[in-house]
Amino acid sequence: MAAKTVTIDDLRAHNTKDSFYILIHSKVYDVTKFIDEHPGGDEVILAEAGQDATEAFEDVGHSDEARALLPDMLVGDFEGSDIKLKSGASAAQASRVSGAVEQGSNLMYFVPLGLLGAYFAWRFYTTGSA
Ligand code: HEM
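In this text the structure is predicted, and so the values were computed from the model without any measurement.

**Student:** Is there a simple way to think about the side chain of H62 in this case?
**Tutor:** Within the fold, H62 resides in the loop between α3 (54–59) and α4 (64–68). A distance of 2.8 Å separates a polar side-chain atom of H62 from the backbone oxygen of F57. Setting aside its immediate chain neighbours within four residues, H62 contacts H38, F57 and R67.

And the structure:
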């Protein structure tokens, strides 16, 4: 049977202690029951709501025992298995922003140049005919 696919909206919808999903290594886990038992406390897990918790999870250096708890809580695969919610999203955003800025600065560059050209053309013709 194909694993259930969890969308970003599903992930974001489960962001309270009453129902909490966490995304680690492109898989989504329902940790609602586990939050209170987590040796590292509930805040650190709740802080990862709606985003990729892989980095936070790996930075701690969780033991094999900790990893062994994961399969039981599995909900399914995350829809965008290649999407890094933190860095990926902001990278895409950054390139969109820089694209917009580039477009804007092109305009900002050509408008004054055009005005300058028009001014000199006007000067040329008015002084020429005087
Ligand atoms: C479902 C995901 C998680 C599971 C199953 C889990 C499980 C565990 C377990 C069993 C421990 C005890 C030490 C060990 O065996 O490694 C632990 C410790 C810890 N966890 Fe998690 N954890 C999860 C997610 C997270 C996340 C997202 C963070 C965010 C930073 C985090 C932070 C910590 C910290 C700081 C400790 C150390 C607590 C201490 O030694 O005082 N954990 N975790």
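**Student:** Help me out: how do you make sense of the coordination of the iron atom of the ligand in this one?
**Tutor:** Ideal geometry at a metal gives 109.5 degrees between four tetrahedral donors and either 90 or 180 degrees between six octahedral ones. The iron atom of the ligand binds to the protein through H38 (NE2) and H62 (NE2); the donor distances cover 1.9 to 2.0 Å. With 6 donor atoms in place around the iron atom of the ligand and angles of 87 to 179° between them, the coordination shape is octahedral. With H38 in the loop between β4 (27–30) and α2 (42–46) and H62 in the loop between α3 and α4, this residue pair connects regions lying 24 residues apart in the sequence.

**Student:** Is there a simple way to explain the site of the ligand in this structure?
**Tutor:** Looking at the ligand, there are 19 residues lining it, with V31, H38, P39, H62 and S63 nearest. H62 places a polar side-chain atom, nitrogen or oxygen, 2.7 Å from a nitrogen atom of the ligand. Between the ligand and S63 there is a distance of 2.4 Å, counted from an oxygen atom to a side-chain nitrogen or oxygen. Elements with a minimum of two residues in the shell around the ligand: β3 (19–24), α2, α3 and α5 (70–73). Its residues assigned to classes, the shell around the ligand shows 14 nonpolar, 4 polar and 1 charged.

Each value, and the rule that gives it
Residues numbered from 1 in each chain as written. Predicted model: local features only at pLDDT ≥ 70, side-chain atom pairs only at ≥ 80, totals over all residues. Heavy atoms only, no water. Helix = DSSP H or I, 4+ residues; strand = E, 2+ residues; numbered from the N terminus. Polar contact = N/O pair within 3.5 Å; in protein donor to acceptor, adjacent residues only side chain to side chain. Contact = heavy atoms within 4.5 Å. Donors = N, O, S within 2.8 Å, 3.2 Å for Na, K, Ca; no water. Tetrahedral: all angles 85-135°; square planar, octahedral: opposite > 155°, others 65-115°. Near = heavy atom within 4 Å. Nonpolar A, V, L, I, M, F, W, Y, C, P; charged D, E, K, R; others polar.

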